[in-house]
Amino acid sequence: MFSSSIYGRFHNDEFEIIPYNERYKEQLNVVLQKYYDTENVAIGLELDLPGNEDAREALIRYSIDSAEDGISLLAREIATDTIVGSVTNKIQVKPNSPDEKTFSEIFKEKYCKNEKSQLYVQSIIDAANKYDVFTTYKTDCYVELMFLSTLPQYRQKSIASSLCLYTVKIADALKYGIGLDKLPENLRKYRPTCVVAMFASNYSSAIGRKLGFDFIDENSYEDAYFNGKKMSDRIGKLHKSWFMAVKKL
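This write-up is about the structure you can find in this document. (Residues numbered from 1 in each chain as written. Predicted model: local features only at pLDDT ≥ 70, side-chain atom pairs only at ≥ 80, totals over all residues. Heavy atoms only, no water.)

### Regarding the packing of aromatic side chains
Summed over the entire model, instances satisfying the criterion amount to 15 aromatic pairs. A ring pair is formed by Phe134 and Tyr142, whose centres lie 5.0 Å apart and whose planes are at 40°; its orientation type is tilted. Judged by relative accessible area, which is 13%, Phe134 ranks as buried. Tyr142 gets classed as buried once you look at its relative accessible area, which sits at 6%. Where Phe199 meets Phe215, the ring centres are 5.9 Å apart and the plane angle is 25°; that geometry is what we call stacked. On the criterion of sequence distance, the pair formed by Phe199 in strand β6 (residues 194-199) and Phe215 in strand β7 (residues 214-220) is long-range, its members being 16 residues apart. Among the aromatic side chains, those forming a connected cluster through ring pairs are Tyr35, Tyr36, Tyr62, Phe103, Phe107, Tyr111, Tyr120 and Phe147. Across from the ring centre of Phe215, 3.9 Å away, lies the NZ or CZ of Arg209, which sits over that ring. (Phe/Tyr/Trp six-rings, centres within 6.5 Å; stacked < 30°, edge-to-face > 60°. Buried < 20%, exposed > 50% of the residue type's maximum accessible area, 1.4 Å probe, protein only. Helix = DSSP H or I, 4+ residues; strand = E, 2+ residues; numbered from the N terminus. Lys NZ or Arg CZ within 6 Å of the ring centre and 35° of its normal.)

The following block contains the structure:
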């Protein structure tokens, strides 16, 4: 699986899953811009509205910087060489002390100058703090699945589900020491024992359930507010909650 630049093909071999590559950075930016138009937490924080370019650029950098761990994935349409989906996968390592700042905390302080980008990253930090995966699952390392995105015109072609499937496969291989050369040298000693995801829609939640994730926490959009308004009022009634979920390897 790790011996080539292609992890797998799907949907009648029209698409393939490949590792993140700088060659596709510009196309990935397009995918992530569309992500913030349609992702529920982003909508709840009004990031989909005009005038939020600075906040969105900071969050796109957050995704791309997170991809430096070497296990983030792209979905490519083979016939057109077009990136149609992506998932950012980050290796999270147990802090050495309670005072040690996480990657997300450092990024928020350094790059998030806009209230909305701060709140978006803080929601990820709060979720991690609310449910201590390291202690609960007795692990010092896990893979975090983040920013799962598909271009709207390519939906219902198994792109998001394939990105999640191969994320789990890669994490499982790393657990057994396979593919460590893909990681930065400082991470090669770690062996993830689970994949952690925050599913913010019915669609991504359905993928998680199909892949056997345990849903350990639910957060209602009805109970979340921004600018004096319920996030559910902006998101609509279809998607009621976002979930934290864990897949044991």
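### A short note on the pairing of strand β10 (residues 241-248)
Counting buried positions over the eight residues of β10 gives seven, a clear majority of the element. Across six bridges, the pairing between β6 and β10 is antiparallel. Note that in β10 the partner of Cys194 across the bridge is Lys248. Inspection of the sheet shows β7 paired to β10 by six bridges, in the antiparallel sense. Note on β10: the bridge partner recorded for Asn219 is Trp242. (Pairing = 2+ DSSP bridges.)

### Quick word on the packing of helix α3 (residues 53-66) against helix α4 (residues 103-111)
Following both chains from N to C, one finds α3 and α4 inclined at 145°, their axes separated by 11 Å at the closest point. Here α3 runs over α4; the crossing is right-handed. Every residue of α4 that contacts α3 at Ala58, Arg61, Tyr62, Asp65 and Ser66 is listed here: Phe103, Ser104, Phe107 and Tyr111. (Axes fitted to C-alpha atoms, helices over the stretch in contact; angles between N-to-C directions. Left-handed = near helix turned anticlockwise from the far one by under 90°. Contact = heavy atoms within 4.5 Å.)

### Examining empty space enclosed by the protein
One pass over the full model with this rule turns up one cavity of 30 Å³ or more. As a volume, the largest cavity reaches approximately 50 Å³. Lining the largest cavity are Tyr20, Leu28, Leu32, Ser63, Ala67, Ser72, Leu73, Leu74, Ser86, Val87 and Thr88. Counting residues per element, the ones that place at least two in the lining of the largest cavity are α1 (25-38), β3 (73-77) and β4 (82-93). Residue contributions to the lining of the largest cavity peak at three residues, all from β4. Among the residues making up the lining of the largest cavity, the classes are represented as seven nonpolar, four polar and no charged. (1 Å grid on protein atoms, 1.4 Å probe; cavity = no way out; pocket = protein on both sides within 12 Å on 5 of 7 lines; lining within 4 Å. Points joined across faces, edges and corners; volume = space filled by probe spheres on them. Nonpolar A, V, L, I, M, F, W, Y, C, P; charged D, E, K, R; others polar.)

### What about the pattern of salt bridges?
Across all of its chains, the model carries twelve salt bridges by this definition. Glu109 is the partner of Lys101 in a salt bridge, and the nearest nitrogen-oxygen pair spans 2.8 Å. Look at the salt bridges and you will find they share partners, linking Arg9, Glu16, Arg23, Arg76 and Asp81 into a network. (Salt bridge = Lys/Arg side-chain N within 4 Å of Asp/Glu carboxyl O.)

### Here we look at unusual backbone geometry
Phi is positive for Asn12, which is not a glycine, with a value near 60°. Within the secondary structure, Asn12 sits in the loop between β1 (8-10) and β2 (15-19). The exposure class of Asn12 is exposed, given its relative accessible area of 70%. Phi at Gln156 takes a positive value of approximately 65°, unusual for a residue other than glycine. Locating Gln156 in the fold gives a position in the loop between β5 (141-150) and α7 (159-175).

### Here we look at the environment of Val195
With respect to the helices and strands, the residue Val195 is situated in strand β6. You can call Val195 buried: its relative accessible area is 0%. Sequence spacing of Val195 and Leu45 is 150 residues, and the spatial spacing of their C-alpha atoms is 26 Å. Not counting residues within four places of it along the chain, the set of residues in contact with Val195 comprises Val143, Leu145, Thr167, Val168, Ala171, Phe213, Ala245, Val246, Lys247 and Leu249.

### Digging into the packing of α4 against helix α5 (residues 115-130)
Packing of α4 against α5 brings their axes to within 10 Å, and their N-to-C directions diverge by 165°. Here α4 lies roughly antiparallel to α5, going by the angle between them. For the pair α4 and α5, the crossing hand works out as left-handed. Seen from α4, the contacting residues are Ser104, Glu105 and Lys108; seen from α5, they are Gln118, Val121, Gln122, Ile124 and Ile125. (Parallel < 35°, antiparallel > 145°, perpendicular 65-115°, else oblique.)

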